[in-house]
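# Residue-level structure breakdown
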Amino acid sequence: MPGAPEKFNSAMTTWQEWQDAPWGRLRYAIAEANLARHLDDLGDGPLRILDLAGGDGGDAMRLAARGHHVTIVDHAPAMLAAATERASTAGLTELITCVHADVTALPADIADGAFDVVLCHNLLQYVDDVPGVLATALAPLKSGGLFSMMAINRHSAALNIAVRETDPAAALAALGTDRSRAQTFDSAVTLHTAEEIIPVLRSLGCQDVQHYGIRSFCDYITDDARKYDPAFYADLEQLELATTARPPYMHTARLFQLTARKQGV
C-alpha cells in the first residue's frame, strides 16, 4: 500500500474526530446495515471476518459486537494499537485479532485463511493496481463467501464541489480527472466508480454483485452544524438507509459499496 505508515499514524487524532462526526458515523452505520443484509445467508454461528486496511477497527468493532471473529490487517502500528484499545474498552478482545502487515503481501496463514467475509473498505483510492489488489483481497475468502469493498465515488466529486464550494469552474474541471486529495491523511487519492469496478469483480470470479451508496444526501447538505442535532441526525440516517440501494441516489453518493459472493470452485 503506497504511503508511509507514519502518515496514517500521525493523523490518528484527526481521523478519530472524523469518525465521531455525523458523516463518519453515517459511513459506518450504513456500511454495517448493508453487510447485515447478507450475513444471515452465510449460516448460523460466528463468522470469520477479515478486515483489510481496517485501521483502528471502525467496521470491525461493529461486527465483533454482533459476535463475529474479526481479523484486522493494517500497515500502520498506531491504527492497530488504537484498534486493540477499542476492543479492550468494548470487551471484545477475544473477538478481535490485529495483524501488522501490508495488504498486498498478506501472511500465508491469512492469505489461505478461508474467511467467511472479507472487507476491503476505502483502500482502492490509495493503490495503483486495482485488479491486483482486489485479487489479493479475494484470495483469503472461501467459496461462496461475502466480499465487501468501498471506495470514493468519482461521480460525486463535481457535484460535491459545486454544492459545497459553489465553484462551477472547479466542478467542471473535476469532471475530467480521477485524482483528488484526502484531507484527513493529506494524501493523493484516485477516485473510482461502481461501473468500473463491477466488471473487475466479475472477472475475478465474483457473482451476485450489489451496489450501494453511502452518504447519498449528507455531503450535499451544507449546514454541517445541524447534523450534530440528534433529531436531525436520526432523520438523516433514516433517509440514508432508505436510499442506499435505491436508484438514482447510490450513483451520486459520496462513497459506493459493492458486495459480492465469491464463486464456488
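These remarks concern the structure in this document. Keep in mind that this is a model prediction, so the values were computed, not measured. (Residues numbered from 1 in each chain as written. Predicted model: local features only at pLDDT ≥ 70, side-chain atom pairs only at ≥ 80, totals over all residues. Heavy atoms only, no water.)

### Considerations on the environment of Q207
Examined against the element boundaries, Q207 turns out to sit in strand β8 (residues 206-214). Along the chain, Q207 and A260 lie 53 residues apart, while their C-alpha atoms are 5.7 Å from each other. Setting aside residues no more than four positions away along its own chain, Q207 makes contact with A260, R261 and Q263. (Helix = DSSP H or I, 4+ residues; strand = E, 2+ residues; numbered from the N terminus. Contact = heavy atoms within 4.5 Å.)

### Some words on the layout of surface pockets
Taking a probe equal in size to a water molecule and rolling it over the atoms shows the remaining empty space. The computed volume of the largest pocket comes to approximately 1200 Å³. Taken together, 48 residues form the lining of the largest pocket, with W18, I152, A182, Q183 and T184 sitting closest to its centre. Among the secondary structure elements, those contributing two or more residues to the lining of the largest pocket are α2 (12-20), α3 (22-39), α4 (58-65), α8 (155-164) and β6 (179-182). The residue inventory of the lining of the largest pocket, partitioned by class, reads 21 nonpolar, 12 polar and 15 charged. (1 Å grid on protein atoms, 1.4 Å probe; cavity = no way out; pocket = protein on both sides within 12 Å on 5 of 7 lines; lining within 4 Å. Points joined across faces, edges and corners; volume = space filled by probe spheres on them. Nonpolar A, V, L, I, M, F, W, Y, C, P; charged D, E, K, R; others polar.)

### Let's talk about helix α10 (residues 194-203)
The complete set of buried residues in α10 reads A194, I197, I198, V200 and L201. Here the buried residues of α10 occupy an arc of 165° about the axis, which is enough to place them on one side. Residues of α10 that are exposed and point over 90 degrees away from its buried face: R202 and S203. Those residues of α10 that are buried lie in contact with α7 (130-138), β5 (141-152), β8 and β9 (255-262). (Buried < 20%, exposed > 50% of the residue type's maximum accessible area, 1.4 Å probe, protein only. Arc of directions from axis to C-beta.)

### A few points about the side chain of Q257
Turning to its location among the elements, Q257 is positioned in strand β9. Within polar-contact distance, the side chain of Q257 engages the side chain of N34 at 2.9 Å. Every residue in contact with Q257, bar those within four places of it in the chain, is listed here: I30, A31, N34, L35, H121, S148, M149, M150, Q210, H211, Y212 and I214. (Polar contact = N/O pair within 3.5 Å; in protein donor to acceptor, adjacent residues only side chain to side chain.)

### Some words on the pairing of strand β7 (residues 187-190)
Bridge analysis of β6 against β7 gives 4 bridges, and the strand direction is antiparallel. From the neighbouring strand, R181 faces β7, where its bridge partner is A188. (Pairing = 2+ DSSP bridges.)

### As for the packing of α3 against helix α11 (residues 230-243)
For the pair α3 and α11, interaxial distance at closest approach is 10 Å and the crossing angle is 40°. Put simply, α3 runs oblique to α11. Every pair of crossing elements has a handedness; the one defined by α3 and α11 is right-handed. On the side of α3, the interface is formed by P22, R25, L26, A29, I30, A33 and R37, while α11 contributes Y233, L236, E237, E240 and L241. The class makeup of the residues in the contact of α3 with α11 is 8 nonpolar, no polar and 4 charged. (Axes fitted to C-alpha atoms, helices over the stretch in contact; angles between N-to-C directions. Parallel < 35°, antiparallel > 145°, perpendicular 65-115°, else oblique. Left-handed = near helix turned anticlockwise from the far one by under 90°.)

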